[in-house]
Amino acid sequence: MVERLAAPLDLTYMALADPTRRAILQRLRTAEARVTEIAAPLPMSLAAVSKHIAVLERAGLLRREIRGREHYLSANPQPLTEAERWISEYTGFWERRADALADHLEQRIEERRAP
């Protein structure tokens, strides 16, 4: 079986798919924090939180700095730029399709009204 390498966009969406990982990113939006500070309010073990952090790091959404025995994490929003671009492209596509459907339906209504 051939294992394919996940593209950066795949890793970003996979990381964002879990509510715990989104909560971790939300916590790091304003300031860096130690791993133990991030884990404290979460209803799971430190080992489980560490696994979530590893997924976020693999996606490039977190930066880790080691100072002595403490590990400090900070958010790296750069991978979100590519995800946002991808969503924007498809949003535009579907908006155009919805507009075309609305125009078509209006035309059909007008045709039925005409004598």
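Details of the structure are given in the entry above.
Since this is a predicted model, take the numbers as computed values, not measurements. (Residues numbered from 1 in each chain as written. Predicted model: local features only at pLDDT ≥ 70, side-chain atom pairs only at ≥ 80, totals over all residues. Heavy atoms only, no water.)

S.K.: Which residues make up the layout of surface pockets, and what values do they have?
M.R.: Approximately 170 Å³ is the volume found for the largest pocket. As for the largest pocket, its lining consists of L16, R22, L25, Q26, R29, L61, A75, N76, P77 and L80. The greatest single-element share of the lining of the largest pocket, amounting to 3 residues, is contributed by helix α2 (residues 19-27). (1 Å grid on protein atoms, 1.4 Å probe; cavity = no way out; pocket = protein on both sides within 12 Å on 5 of 7 lines; lining within 4 Å. Points joined across faces, edges and corners; volume = space filled by probe spheres on them. Helix = DSSP H or I, 4+ residues; strand = E, 2+ residues; numbered from the N terminus.)

S.K.: Pulling in residues and values, what's your account of helix α5 (residues 78-113)?
M.R.: With 36 residues, α5 should cover 52 Å at 1.5 Å per step; its first-to-last C-alpha distance of 53 Å lies within 8% of that length. Considered for burial, the residues of α5 that qualify are P79, A83 and G92. In this fold, the buried residues of α5 make contact with α1 (8-16). (Expected span 1.5 Å × (residues − 1). Buried < 20%, exposed > 50% of the residue type's maximum accessible area, 1.4 Å probe, protein only. Contact = heavy atoms within 4.5 Å.)

S.K.: How would you summarise the packing of α1 against α5 if you had to cite specific residues and measurements?
M.R.: The geometry of α1 relative to α5 is characterised by a closest axis approach of 9 Å and an angle of 95 degrees between their N-to-C directions. Taken together, the axes of α1 and α5 lie roughly perpendicular to each other. Note on element contacts: α5 touches α1 through P79, L80, E82, A83, W86 and I87, opposite L9, T12, Y13 and L16. Considering only residue class, the contact of α1 with α5 consists of 8 nonpolar, 1 polar and 1 charged. (Axes fitted to C-alpha atoms, helices over the stretch in contact; angles between N-to-C directions. Parallel < 35°, antiparallel > 145°, perpendicular 65-115°, else oblique. Nonpolar A, V, L, I, M, F, W, Y, C, P; charged D, E, K, R; others polar.)

S.K.: Residue-level account of the environment of M14, with values.
M.R.: If you trace the backbone, M14 turns up in helix α1. Taking the C-alpha atoms as reference points, M14 and K51, separated by 37 residues in sequence, lie 13 Å from one another. Excluding its chain neighbours within four sequence positions, the residues that come into contact with M14 are R21 and V55.

S.K.: Could you give an account of α2, naming the residues involved and the relevant values?
M.R.: Along α2, the residues classified as buried are T20, R21, I24 and L25. End-on view of α2: buried residues confined to an arc of 140 degrees, all on one side of the axis. Looking at the buried residues of α2, the elements they touch are α1, α3 (35-39), α4 (46-58) and β2 (62-67). For α2, the side-chain oxygen to backbone nitrogen distance between the N-cap and T20 is 2.8 Å, and the N-cap itself is D18. (Arc of directions from axis to C-beta. Polar contact = N/O pair within 3.5 Å; in protein donor to acceptor, adjacent residues only side chain to side chain.)

S.K.: So what's going on with the sheet that holds strand β1 (residues 33-34)? Which residues, and what values?
M.R.: Across the sheet, which stays open at both edges, the 3 strands sit in the order β1-β3-β2 with antiparallel pairing between neighbours. The sheet is open, and its two borders are formed by β1 and β2, each paired with just one other strand. Pairing of β1 with strand β3 (residues 70-75), which is carried by 2 bridges, proceeds in the antiparallel orientation. What sits directly across from R34, in β3, is Y72. (Pairing = 2+ DSSP bridges.)

S.K.: Break down a nonpolar patch on the surface for me, with residues and values.
M.R.: Together, W86, I87, Y90, F93 and W94 make up an exposed nonpolar region whose accessible area comes to about 520 Å². Considering the arrangement of structural elements, one finds W86 in helix α5. Overall, W86 belongs to the partly exposed group, its relative accessible area being 36%. (Patch = residues over 30% accessible without salt bridge, like charges linked within 9 Å, V, L, I, M, F, W, Y side chains within 5 Å. Areas by Shrake-Rupley, 256 points an atom, 1.4 Å probe, with all protein chains shown as cover. Salt bridge = Lys/Arg side-chain N within 4 Å of Asp/Glu carboxyl O.)

S.K.: Please give an account of the pattern of salt bridges that cites residues and values.
M.R.: Per the counting criterion, the structure on display carries 7 salt bridges. Among the ionic pairs, E32 bridges to R67, the shortest N-O distance being 2.7 Å. Residue E32 is found in the loop between α2 and β1, and its partner R67 is found in strand β2; the two are separated by 35 residues along the sequence. On the basis of relative accessible area, R67 is assigned to the partly exposed category, the value being 34%. A salt bridge links E82 to R85; the nearest nitrogen and oxygen atoms lie 2.4 Å apart. In this pair, E82 and R85 both sit in helix α5, 3 residues apart, roughly one turn of the helix. Through salt bridges that share partners, E32, E65 and R67 make up one connected network.

Purely geometric stuff here, so don't read any function into it on its own.
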